[in-house]
Amino acid sequence: MRKPIIAGNWKLNKNPKETAEFVAGIKGKLADPAKVEAVIGAPAVDLQTLIDAAKGTDLKVASENSYFEEAGAFTGETSPKVLAEMGVDYGIIGHSERREYFHETDEDINKKAHALFKNGVTPIICCGETLETRKAGKVNEWVSGQIKAALKDLSAAQVASAVIAYEPIWAIGTGETATPEQAQEVCHLIRETVAGLYDQTTAENVRIQYGGSMKPANVKELMAQPDIDGGLVGGASLQPDSFLELVNYQG
């Protein structure tokens, strides 16, 4: 059985004071960690506050981005080695906003995945299509291509432990949500792509999140789909109450 994983992605929101207040608001209220894994991805400037505040809780911490080099003349970048030393559990890579605004390529994302694994941080690898790609009927070709590129030269054991987040770009921050059936169709495609690259066991172990406007009103319906193992959640993760509703969706 794959443990569900609900991960907030705060994007460029919250300062350290607000971060500490958020964690105080969810302390003692998270779902049983044996049933659901709760994660918050925060901006780099908030990570140390988040790590300190989360001590003694079941909340896991994710970075929103990291570089594929550990040190050197790379102004403004974040070292995966230092993230690991700080105690970061997960690293979000390949988010559509990073791909679009910062021109990250599939090759970059693959290198970042290798760097995170090397340092003991589990990657949350994002993929997903634009509305134009969907309308052109090329979703399967596009998403499977992203997965193949992102996982290049990773071992089966690494992929089995990874998290893949399917985020239809047209449903991010728009209020639009893929129907549960649309989300399931692509998440199943991702699992089948992993099976083709590795084997069925690896595919059955990798956890796949849905990342397009998941919120308390639709979390149960989305999480009922057989290939959706969690959510990568933006806006609905910014307030303690809505984040808790998502994490505690099982009741």
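Residues numbered from 1 in each chain as written. Predicted model: local features only at pLDDT ≥ 70, side-chain atom pairs only at ≥ 80, totals over all residues. Heavy atoms only, no water.

Draft legend 1. Layout of the UniProt feature "binding site: substrate" (unreviewed entry) in the protein chain. The feature "binding site: substrate" (unreviewed entry), as given by UniProt, occupies N9, W10, K11, G173, S213, G234 and G235 in the numbering adopted here. Taking the farthest pair of C-alpha atoms as the criterion, the annotated set spanning 227 residues converges on one region, since that pair is 13.7 Å apart. Put simply, the named residues that line the largest pocket are N9 and K11. Judged by relative accessible area, which is 0%, W10 ranks as buried. Setting aside residues no more than four positions away along its own chain, W10 makes contact with T19, F22, I40, G41, A42, P43, E64, S237 and L238. Those residues within four positions of S213 in sequence are excluded, and the remaining contacts are A171, I172, G173, T174, G175, E176, T177 and N218. (UniProt positions renumbered as here; feature names shortened; annotations may be inferred. 1 Å grid on protein atoms, 1.4 Å probe; cavity = no way out; pocket = protein on both sides within 12 Å on 5 of 7 lines; lining within 4 Å. Buried < 20%, exposed > 50% of the residue type's maximum accessible area, 1.4 Å probe, protein only. Contact = heavy atoms within 4.5 Å.)

Draft legend 2. Representation of the environment of V88 within the structure. In this fold, V88 is placed in the loop between α3 (80–86) and β4 (90–93). When the C-alpha positions of V88 and A62 are compared, they lie 5.8 Å apart, and in sequence the two are 26 residues distant. In this structure V88 touches L47, I51, V61, A62, S63, L83 and V121, once residues within four positions along its chain are discounted. (Helix = DSSP H or I, 4+ residues; strand = E, 2+ residues; numbered from the N terminus.)

Draft legend 3. Here's a closer look at the packing of helix α7 (residues 139–150) against helix α9 (residues 180–197). Between α7 and α9, the shortest axis-to-axis distance is 10 Å and the interhelical angle comes to 45°. Comparing the axis directions of α7 and α9 gives the class oblique. For the pair α7 and α9, the crossing hand works out as right-handed. Residue-level inspection shows V139, N140, V143, S144, I147 and K148 of α7 in contact with α9, the latter providing V186, L189, I190, T193, V194 and L197. (Axes fitted to C-alpha atoms, helices over the stretch in contact; angles between N-to-C directions. Parallel < 35°, antiparallel > 145°, perpendicular 65-115°, else oblique. Left-handed = near helix turned anticlockwise from the far one by under 90°.)

Draft legend 4. Quick peek at the sheet that holds strand β2 (residues 37–42). Around the barrel, eight strands lie side by side as β1-β2-β3-β4-β5-β6-β7-β8; this closed barrel has parallel pairing. Neighbouring strand axes in the sheet, compared pairwise and without regard to direction, differ in orientation by 25° on average. Packing against the sheet, α9 makes contact with β5 (122–127), β6 (163–166) and β7 (207–210), and its axis sits at approximately 145° to β6. (Pairing = 2+ DSSP bridges.)

Draft legend 5. Fine view of helix α12 (residues 240–247). Taken together, the buried positions of α12 are S242, F243, L244, L246 and V247. Against β1 (5–9), α1 (16–26), β2, β3 (59–63), α11 (219–223) and β8 (230–233) lie the buried residues of α12.

Draft legend 6. Looking closely at the packing of aromatic side chains. Under the definition given, this model contains five aromatic pairs. Both rings, one in W10 and one in F22, keep their centres 5.0 Å apart while their planes meet at 80°; by these two values the pair is edge-to-face. Taken as a pair, W10 in the loop between β1 and α1 and F22 in helix α1 lie far apart in primary sequence, 12 residues in all. Residues W10 and F22 agree in their burial class; the two are buried. Ring geometry for Y67 against F68: centres 4.3 Å apart, planes inclined by 25°, an arrangement best described as stacked. Judged by relative accessible area, which is 16%, Y67 ranks as buried. Grouping aromatic residues by their ring pairs yields a cluster made of W10, F22 and F243. (Phe/Tyr/Trp six-rings, centres within 6.5 Å; stacked < 30°, edge-to-face > 60°.)

Draft legend 7. Region of the structure containing the environment of G120. Along the polypeptide, G120 turns up in the loop between α5 (106–118) and β5. For G120, a relative accessible area of 60% translates into the label exposed. Remark: the alpha-carbon pair of G120 and R134, spanning 14 residues in sequence, is separated by 35 Å.

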